[in-house]
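The lines below spell out each chain.
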Amino acid sequence: MHGWVGKILRVNLTTGKCSQEPLNPTVAKDYVGGRGLGIYYMNKEVDPKCDPLSEDNLLIMATGPLTGTGAPTGARYMVMTKSPLTGAITCSNSGGQFPTEFKRTGYDAIIFIGKSEIPVYLWLGRENAELCPAAHLWGKNTHEATDALLAETDAKAKVACIGPAGEKRVLFASIMNDKHRAAGRSGVGAVMGSKNLKAVVVRGKGRIPLADPDRFKAFNKKILDTFKEGVKETPLGLTVNGTAGVVMATQNFGVLPTKNWQQGTFDGWEKIHGEELTLRFLKKNSACYGCPIGCGRKTKVDDLRFAGEGEGPEYETIYAMGSNCMVDDLAAITKANYICNELGMDTITMGATIGCAMELVERGHLPEAQVGRSLKWGDAEALVELTRMTGLREGFGDLLAEGSYRLADRYGHPELAPVSKKQEFPGYEPRGAQAMGLAYATSPIGGSHMRGDPAYFELFSVPKPMDPHQWQGKAKPTKAFQDLSAIIDAAGLCIFFAVRNLAAKDLGVAPTGILEYLNAATGTDYTLEELMQAGERIINAERQFLVKAGFSRKDDSLPKRLTHEPMPSGPAKGLVCHLEEMLDDYYQLQGWTNDGIPTDGRLNDLGLL
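Residues numbered from 1 in each chain as written. Predicted model: local features only at pLDDT ≥ 70, side-chain atom pairs only at ≥ 80, totals over all residues. Heavy atoms only, no water.

## Focus on a negative patch on the surface
Then, number 1: A surface patch of like charges, here negative, comprises Asp47, Asp51, Glu55 and Asp56.
Then, number 2: As for its placement among the helices and strands, Asp47 is situated in the loop between helix H2 (34-45) and strand E3 (59-63).
Then, number 3: Looking at Asp47, the relative accessible area reads 46%, which means it is partly exposed. (Patch = residues over 30% accessible without salt bridge, like charges linked within 9 Å, V, L, I, M, F, W, Y side chains within 5 Å. Areas by Shrake-Rupley, 256 points an atom, 1.4 Å probe, with all protein chains shown as cover. Salt bridge = Lys/Arg side-chain N within 4 Å of Asp/Glu carboxyl O. Lys, Arg positive; Asp, Glu negative; His and termini not counted. Charge placed at Lys NZ, Arg CZ, Asp CG, Glu CD. Helix = DSSP H or I, 4+ residues; strand = E, 2+ residues; numbered from the N terminus. Buried < 20%, exposed > 50% of the residue type's maximum accessible area, 1.4 Å probe, protein only.)

Set out below in structure tokens:
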């Protein structure tokens, strides 16, 4: 095979045995790779009603056919499992250097089965795969574990591991690779911890085989030349200030979630936005393998109260721990971000859960005595301390470790949790960006913008602008972006480059550039229609899993705060999110029933029956 390396590694943690099997070429073409391969095996081998933290759940790490090929931003891999936070499918995405090294070991994916009796890690080289004892690593943070593993395996290896949060099954624990990059959402790290799997260490060699190297090289040059010419005139905001630059945009549109989603603007935004991060803490940019953007931020905080060094924070972290908690101290936000990376936690759910706790305290539902300290809006020290306590499940952190929905429900007010399918939202307020509400509600993994991101057309006019306040006509482009996202995730690319440079310049966002890359890399000769259908197949296969797990229209929901309480101030003042109206249009476009169930005809058309 080309593009794909043609092998799957199956690791039985219960027996300690590793075995390999061929990647079925038909499955590879139909599901592309990455996220697609993950849902194929999840549907084939997992009971959707299983306990996510039991040995019956699978943990799948999968690359795409463009991972490691040199295609711009072809450096992604997906982690697929059933989420302990949501009970739904999840597909958590990460970049860095680990995914390319993983694929160079000669495997497209690793399927972890069962549970080890003792802590172990997988040491995977080009010619070996073995499970090694990891008791001496248990309890170490992600940085300490990475350093120790490189010392005992190969200094040039790459590591993906969990920290104490994953070991203690914090429901939003992440898997960290290259120390600073995160497969962050939905608790994939908790699943890894439940299996007593501390880390995956990979050391590959050689290059990924391409079907038509000359064609690939010529198209790659064309795409990169066009990109470089464009950023000569106008430097890309992601390069200049990273994702943190988005703070100014969401504030200006009135969709910067503030005070646990009670409002859409934050008076302290100038203290936490991207230019401030660049000015105060940036040491240098960092980039994933093959990335011409370099949106990563290597940062350092010298403030004695919050001293630290690492990468980030990203925009989503700044919203969740900043405006959402009314914290305008960027040093504290950055420190809490470092703690999340070191202990292995999702920064979005962490910040959103603390913000929810702050509102519960303010409204008198949660006594501060149970928190163990004062907890008021804007308390930077509380933000940092509660983040640490959560990762270690200490004191009140043990309750925060369950996420905002379970916390709010415990104290009688689940409506205060900013979630869909029990997963916390990223930082775009749907009352002022209507399609974002539809995307959150219909995301297969719960509240997420990375399973299809309408902010591109609602806020950034990419590829064309649409009025963010208007709900009519939003279902069609939202579905198109979700289908495109599925293809990007399956191919092994990053959305930041692919949406702007590898898709058609209209709201249908057909994956024209991705098509050319895939055909040059794999020799599969996809038609555009076949590739677009692969995206739809992945979305519907994920929906199949959800339906069998008990999900339906009732779960494609938003809190009443967003659908019934008008925005109190700012550019979106007086607006609510018209989710139900958009859902009717969306289900019709998908070929699903009015209850959100794919019809037999739709599934049959996609080869899913």
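Moving on, there is more to tell.
## As for the side chain of Thr67
Then, number 1: One can find Thr67 in the loop between E3 and strand E4 (77-82).
Then, number 2: Owing to a relative accessible area of 0%, Thr67 belongs among the buried residues under this scheme.
Then, number 3: Within the local environment of Thr67, its side chain forms a polar contact with the backbone oxygen of Arg76, the two atoms lying 2.9 Å apart.
Then, number 4: Among all residues touching Thr67, those that are not within four sequence positions of it are Gly74, Ala75, Arg76, Pro99, Thr100, Lys103, Ile208, Ala491 and Gly492. (Polar contact = N/O pair within 3.5 Å; in protein donor to acceptor, adjacent residues only side chain to side chain. Contact = heavy atoms within 4.5 Å.)

## Here we look at the state of the cysteines
Then, number 1: Using the criterion set out here, one finds zero disulfides in the structure.
Then, number 2: Cysteine Cys161 remains unbridged, with the sulfur of Cys132 as its closest cysteine sulfur at 15 Å.
Then, number 3: We note that Cys577 lacks a disulfide partner, and the nearest cysteine sulfur, in Cys356, lies 19 Å from it.
Then, number 4: For Cys577, a relative accessible area of 3% corresponds to the buried category. (Disulfide = S-S within 2.5 Å.)

## Quick notes on the sheet that holds strand E11 (residues 181-183)
Then, number 1: Pairing is mixed in the open sheet, where six strands are placed in the order E8-E7-E12-E9-E10-E11. Each edge of the open sheet carries a strand with a single partner, namely strand E8 (129-133) and E11. Each strand of the sheet is rotated relative to its neighbour by a mean of 20°, with strand direction disregarded.
Then, number 2: As judged from the four bridges shared by strand E9 (residues 158-161) and strand E12 (residues 197-203), these two strands associate in the antiparallel manner. Its bridge partner lying in E12, Cys161 is registered against Ala199.
Then, number 3: Contacts from helix H4 (residues 142-152) reach strand E7 (120-125), E9, strand E10 (175-177) and E12, with the element oriented near 140° to E9. (Pairing = 2+ DSSP bridges. Axes fitted to C-alpha atoms, helices over the stretch in contact; angles between N-to-C directions.)

## As for the nonpolar core
Then, number 1: Counting residues in hydrophobic clusters, the biggest one holds 158 residues, and the most contacted among them are Ile39, Met42, Phe396 and Ile514.
Then, number 2: Ignoring sequence-local partners within four residues, the contact set of Phe396 consists of Ala357, Leu366, Gln370, Val371, Leu386, Met389, Leu407 and Tyr411.
Then, number 3: With 25 residues, the next largest nonpolar core counts Leu9, Phe102, Leu122 and Ala183 among its residues. (Core = buried A, V, L, I, M, F, W, Y, C linked by side-chain atoms within 4.5 Å.)

## So, the packing of aromatic side chains
Then, number 1: Scanning the entire structure with this criterion turns up 17 aromatic pairs.
Then, number 2: Ring centres of Phe219 and Tyr517 lie 4.8 Å apart, and the angle between their planes is 75°; on these two criteria the pair is classed as edge-to-face. Of the two residues, Phe219 sits in helix H7 (residues 213-233) while Tyr517 sits in helix H22 (residues 512-522), which places them 298 residues apart along the sequence. Each member of the pair, Phe219 as well as Tyr517, is classed as buried.
Then, number 3: Measuring from centroid to centroid gives 6.2 Å for Tyr456 and Phe481, while their planes differ by 25°, and the two rings are stacked. Linking Tyr456 in helix H19 (residues 455-458) with Phe481 in helix H20 (residues 475-491), this pair joins segments that are 25 residues apart in sequence.
Then, number 4: For Phe481, a relative accessible area of 1% corresponds to the buried category.
Then, number 5: Among the aromatic side chains, those forming a connected cluster through ring pairs are Trp261, Tyr319, Phe425 and Tyr440.
Then, number 6: Across the ring face of Tyr526, the terminal group of Lys29 is positioned such that the distance to the ring centre comes to 5.8 Å. (Phe/Tyr/Trp six-rings, centres within 6.5 Å; stacked < 30°, edge-to-face > 60°. Lys NZ or Arg CZ within 6 Å of the ring centre and 35° of its normal.)

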